[in-house]
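Summary of structural features
Here's the letter readout for the chains.
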Amino acid sequence: MKVLRLILCVGFVVGGFSPVNGQTTIDKVKNIFGTKTEPSLFDARWQQIRNLSRTPIFGGSEAEITISNYLSQELSGMMYKPYLGSYVHRFSIDKKNNLSEDSYIKIFNSNLEVGKEIIIPPFSGVGVLCAQALPEFNEPENLWFIKFSEVGVELNNKHGNGLEKLYRKAQEAFKQGAESVMFLNDDNTTSDFTNKFYEKKDILEKPVFILNHAAYKKYIVKQGKGKDWINVDYSFSKTNQHSEGHNVVGFWQNQTPNNIVIATRIDELRGVGKNPSGMAALLQVAQKIRTVRLKNYNYILVGLSGTTDDWVGAEALMKKIRLTAQNTSAVIHIDDIGALDKKNELFISGVGTSPSWESVLFPFSKNFLLRSIASGEIGAANHRAFYNKQIPVLNIFTKRKAGDTRQNKKGAISIINQIGNFIVELDKLPMLTFTKTKPLPDLKKLNFEVSMGVTPDYEFSGEGLLVGYVKKNSPAFNSNVAVGDVIVRMEEYDIRDVNDFVGQLAKRKKGDRMMIKVLRKGVPKKMLITFK
């Protein structure tokens, strides 16, 4: 008989856990989740999670161990059994080429905060230098300043190639005699330039830095004004590190070989959008399962670590519990659900990974403005790990713009109630059939010489490419392309999605002119794009 598992992955954040008289949070509020989530219980969990996540959380850190213990005790308090005799399951995290503790970089003798003011891309080499340099004045055997606007960097994520452009530009600079390269974010690009979305390449022989926009204005524009030189002092070396991550697993056993797994991340919890709502949601859903007494599946509750390290926690979980496409029905990943807006806009990606999703997801559209995304590759790293194993996946989240600090607890509770009802219906279904969704564009195989200066809205599920951002003074900006436009044609080619868009863009060169057709509030408009 085939073993059947259905995985529910939830992104969440943990707050300070301090049991009172041996009681867990669930002991404090008994009457919850008969049909709806008890707000006071959810609020208590949310706050505990926020308190526990005030310090950095990574594999083997004290904060990670504390959070692991918190989740273990909450699951134990709800009568979930330890999996294979233990709630906490360890796995190895090996990090190569990490900066040594004594590495530093200074501008005008001020230490820059690595990871915030200055980013060290994954392909950077090492070295030591006391440099005096100026932007647009490149001397051999010296530091070179190169502006984002010179490189055409406006995007770096799963769909963009910002780091690819920087890598190639740094290679060129080193061939021309640069001793190191500092890229200057002069146009306020807000993309993530850590290694999260980066295709691994050979390490370059010399240092490469990325100065963020605020630091660029502070050190280069303001402090450098009127100066003959920009003084930069750095010393960089790298080391290999080994640490130990901790997944948390609880088991609710019924008399059946079939399983549902509910999982969430227990690291990467600090900061805006780092999701106290998700972990609290995991525990609310766990109580729902216990209260309703669903019987068609066993339920495995999981807190995943290793999220920022190529999702090694998710892969370790699959090996530990032996999760495969043959014994796992589906994965549901609940990410940041704490930013529900006035329109009640809720996003669910992965709806194309199984034909069964449509029937059980329909009720979401009654209570929310549902934005469905077919792809199983868009979303949190953990859920992509399961998708890569041909397991049907969903990722549920609210959209949060940069700087958005909203914590809509009432909205989160409404989402959790709907998820609880969704699980009840999901429990009635047989093994889900996996469907591979249309792959995202393989940008590392495309050579982008030009950029239109637009960032797509990747949550858009309609026909065409919805413009989510237009860079000032870009070809699109100069041709009057606006946020909200839907690009449906480029020259004679129909644009159905982001794949078609980047495929056509990769064919263009500097000096080319291209006619595009957009829909602006449903009205078609033609615009001529000139790539200077």
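As shown above, the structure is provided for reference.
A brief structural summary. (Residues numbered from 1 in each chain as written. Predicted model: local features only at pLDDT ≥ 70, side-chain atom pairs only at ≥ 80, totals over all residues. Heavy atoms only, no water.)

**So, the overall build of the chain**
Of regular secondary structure, the chain possesses 14 helices and 24 strands. Among the 532 residues that make up the chain, the fraction classed as buried is 55%. Working note: accessible area of the chain is about 24100 Å², and carbon and sulfur atoms make up 48% of it. (Helix = DSSP H or I, 4+ residues; strand = E, 2+ residues; numbered from the N terminus. Buried < 20%, exposed > 50% of the residue type's maximum accessible area, 1.4 Å probe, protein only. Areas by Shrake-Rupley, 256 points an atom, 1.4 Å probe, with all protein chains shown as cover.)

**Some words on the packing of helix α7 (residues 276–292) against helix α12 (residues 409–426)**
Two elements in contact, α7 and α12, have axes separated by 10 Å at closest approach and are oriented at 45 degrees. Our classification of the angle between α7 and α12 gives oblique. Considering the relative orientation of α7 and α12, their crossing is right-handed. Residues A281, Q284, V285, K288 and V292 of α7 lie in contact with α12, whose contacting residues are I416, I419, G420, N421, I423 and V424. Here the residues of the contact of α7 with α12 sort into seven nonpolar, three polar and one charged. (Axes fitted to C-alpha atoms, helices over the stretch in contact; angles between N-to-C directions. Parallel < 35°, antiparallel > 145°, perpendicular 65-115°, else oblique. Left-handed = near helix turned anticlockwise from the far one by under 90°. Contact = heavy atoms within 4.5 Å. Nonpolar A, V, L, I, M, F, W, Y, C, P; charged D, E, K, R; others polar.)

**Digging into the sheet that holds strand β10 (residues 208–211)**
On the basis of which strands lie adjacent, the open sheet formed by four strands has the order β6-β10-β9-β8 and mixed pairing. Single-partner strands in this sheet number two, and they are β6 (118–119) and β8 (143–147). Here two bridges tie β6 to β10, and the two strands are oriented antiparallel to one another. When the bridges of β10 are listed, I119 appears paired with I210. Contacts between helix α5 (residues 162–175) and the sheet are confined to β8, β9 (180–184) and β10, with β9 contributing the most and set at about 140 degrees to the helix. (Pairing = 2+ DSSP bridges.)

**Side note on the pattern of salt bridges**
Applying the stated criterion across every chain, the model contains 10 salt bridges. Between K409 and D43 there is a salt bridge whose closest N-O contact spans 2.5 Å. In this pair, K409 is assigned in helix α12 and D43 in helix α2 (residues 39–52), connecting sequence segments 366 residues apart. A relative accessible area of 32% means that D43 is categorised as partly exposed. Residues D500 and R496 are paired through a salt bridge, measuring 2.8 Å at the closest nitrogen-oxygen approach. (Salt bridge = Lys/Arg side-chain N within 4 Å of Asp/Glu carboxyl O.)

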